[in-house]
Amino acid sequence: MNIDEFSFHDSQILEVKETSEQTIDFLINFCTDWQNNVFEKRILRFKDVINYHIDEIPFVGRITILQIINLGQISKTFGAGINQIKAVRNKIEMQTNAGNRTIEYLDCGLITP
């Protein structure tokens, strides 16, 4: 999925689950009809995550996504010599009403729960 094809503005983050398989699921209230202000639950799933960083202030209430900025692809090298692994990932910055979150991932999808 191309993250730029969707608008996540005003999507509330209801829950975040990190799995042992390097997957992060954001359960969000996602706007499916802007004209009628209709929001439905969706899962924004990031797969093969190598970095998830939260830089937010303490906040009361639901955290709301203001904008997701596509920062392009990044390349990282892990290990050395014969144990060296190179990983190419997409990087986004999720701006919220409480601060920012950055995620480096291989693939993402928007799923109906």
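Quick note: structure is the one above.
Quick look at the structure, then. (Residues numbered from 1 in each chain as written. Predicted model: local features only at pLDDT ≥ 70, side-chain atom pairs only at ≥ 80, totals over all residues. Heavy atoms only, no water.)

Notes on the overall build of the protein chain
Per the secondary structure count, the protein chain includes 0 helices and 8 strands. Reading the protein chain from its N terminus to its C terminus gives the helix and strand order β-β-β-β-β-β-β-β. For the protein chain, the C-alpha atoms occupy an extent of roughly 55 × 30 × 25 Å along the three principal directions. Looking at the protein chain alone, contacts between residues at least 24 apart form 57% of all its contacts between residues at least 6 apart. (Helix = DSSP H or I, 4+ residues; strand = E, 2+ residues; numbered from the N terminus. Contact = heavy atoms within 4.5 Å.)

Overview of the sheet that holds strand E1 (residues 11-18)
Spatially, E4-E7-E6-E5-E1-E2-E3-E8 is the arrangement adopted by the 8 strands of the open sheet, whose pairing is antiparallel. With one partner strand each, in any of the chains shown, strand E4 (51-56) and strand E8 (107-111) form the two edges of the open sheet. Put simply, the sheet's adjacent strands are angled 25° from each other on average, direction ignored. In this sheet, strand E3 (residues 38-47) lies alongside strand E2 (residues 24-33) in antiparallel orientation, the contact comprising 9 bridges. Within E3, the position partnered with isoleucine 28 by the bridge is arginine 42. (Pairing = 2+ DSSP bridges. Axes fitted to C-alpha atoms, helices over the stretch in contact; angles between N-to-C directions.)

Describing unusual backbone geometry
Despite not being glycine, asparagine 37 shows a phi value in the positive range, around 55°. Residue class for asparagine 37 comes out exposed when judged on its relative accessible area of 55%. Positive phi, normally seen in glycine, also occurs at aspartate 48, with a value near 55°. Take aspartate 48: it is sitting in the loop between E3 and E4. (Buried < 20%, exposed > 50% of the residue type's maximum accessible area, 1.4 Å probe, protein only.)

A word on the side chain of threonine 23
Tracing the chain through its elements places threonine 23 in the loop between E1 and E2. Excluding residues within four positions of it along the chain, threonine 23 makes contact with Lys17, Glu18, Arg45, Phe46 and Lys47.

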